[in-house]
Amino acid sequence: MKLATYNLNGIRARLPRLVEWLEREQPDVACLQELKCADESLPIADIEAAGYGAVWHGQKGFNGVAVLAKGDTPELRRVGLPGDPDDTHSRYIEAEVRGFVIGSLYLPNGNPVGTEKFDYKLRWMDRLGAHARELLQEERPTVLCGDWNVVPEDRDVFSARATANDAVMQPETRQAWRQIVHQGWTDALRALHPNEEKLYTFWDYTAGCWQRDLGFRLDHLLCSPEAADRLRGAGVDKWARAQEKASDHAPTWIELVG
């Protein structure tokens, strides 16, 4: 099974790119983030025409997450993270597909540091960590994937010095990430490419970042032990980032057996 995560930066603006990628790569499961459209505005007919069923959690103009399954409809397990019933951001959706539990997440960016936005990011990560621990207790093949807005290590960004003030680089952000991973999750992309430098998934639109390969590794797929045992491949579809009117993220994927 090929499972991919893709921050679209607006599904209606990038719909041709999404369909193009689905047709070329044929992922069995695709987790999408930053839909930036309300539930009723999701172009579900185009998604179904490409051969995919979907569940989604939209929000007009911001955020928004979805899970797509090739030739199937994912079984919705939950929308939103537990722990804050007043949280109105559409940032998490969880579904079951072919015996796997899949969480698609869009973690808050948190900039600028020192504001309520950064505090919200850390609180959201605490809630995610608590839910991730509960998922592990189910002892099922589970993958938490999406745009985490976390750069785990200095080598996962083009310049740690140039980005030192970014919320994705802060010690508190990285500590929260490590606390989740150390529950027993496997960072699939890094696990299968332990020595690769420039293992990027995001290139900003400004300053020629794509052309100069000035990237960040922000999109991650964390596998439970039961999923990690089935892990056979991982990569980044960089070709998609090079297309006209592309998202600033590239699809990132893993292959699982069984």
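Residues numbered from 1 in each chain as written. Predicted model: local features only at pLDDT ≥ 70, side-chain atom pairs only at ≥ 80, totals over all residues. Heavy atoms only, no water.

### Things to note about the environment of Asp-237
Counting through the fold element by element, Asp-237 comes out in the loop between strand E13 (231-236) and helix H7 (238-241). Residue Asp-237 is classed as buried on the basis of its relative accessible area, which comes to 7%. Spatially, the C-alpha atoms of Asp-237 and Ala-250 are 5.9 Å apart, while their sequence positions differ by 13 residues. With residues near it in sequence (within four places) discarded, Asp-237 still touches Lys-2, Trp-21, Glu-25, Ala-250, Pro-251 and Trp-253. (Helix = DSSP H or I, 4+ residues; strand = E, 2+ residues; numbered from the N terminus. Buried < 20%, exposed > 50% of the residue type's maximum accessible area, 1.4 Å probe, protein only. Contact = heavy atoms within 4.5 Å.)

### Observations concerning the environment of Tyr-200
Looking at the element boundaries, Tyr-200 is found in the loop between helix H5 (188-192) and strand E10 (202-203). The spacing of Tyr-200 and Leu-218 is 18 residues in sequence and 7.6 Å in space, taken between C-alpha atoms. Within the local environment of Tyr-200, its side chain forms a polar contact with the backbone nitrogen of Phe-158, the two atoms lying 3.5 Å apart. (Polar contact = N/O pair within 3.5 Å; in protein donor to acceptor, adjacent residues only side chain to side chain.)

### Thoughts on the packing of aromatic side chains
On inspection of all chains with the given rule, the structure shows six aromatic pairs. Considering the side-chain rings of Tyr-6 and Trp-21, the 5.1 Å spacing of their centres and the 70° angle between planes classify their relative orientation as edge-to-face. In this pair, Tyr-6 is assigned in strand E1 (residues 2-7) and Trp-21 in helix H1 (residues 15-25), connecting sequence segments 15 residues apart. Assigned by exposure class, Tyr-6 and Trp-21 land together as buried. Ring geometry for Trp-203 against Trp-210: centres 4.9 Å apart, planes inclined by 90°, an arrangement best described as edge-to-face. For Trp-203, a relative accessible area of 0% puts it in the buried group. On the accessibility criterion, Trp-210 (23% relative accessible area) is partly exposed. (Phe/Tyr/Trp six-rings, centres within 6.5 Å; stacked < 30°, edge-to-face > 60°.)

### Here we look at the pairing of E1
Of all the six residues making up E1, six are buried; the element is thus mostly covered by neighbouring parts of the structure. What you see with E1 is no split at all: Lys-2, Ala-4 and Tyr-6 on one side and Leu-3, Thr-5 and Asn-7 on the other are buried throughout. Each parallel crossover has a hand, and the one from E1 via H1 to strand E2 (residues 29-33) is right-handed. (Right-handed = clockwise from strand over helix to strand, strands pointing away.)

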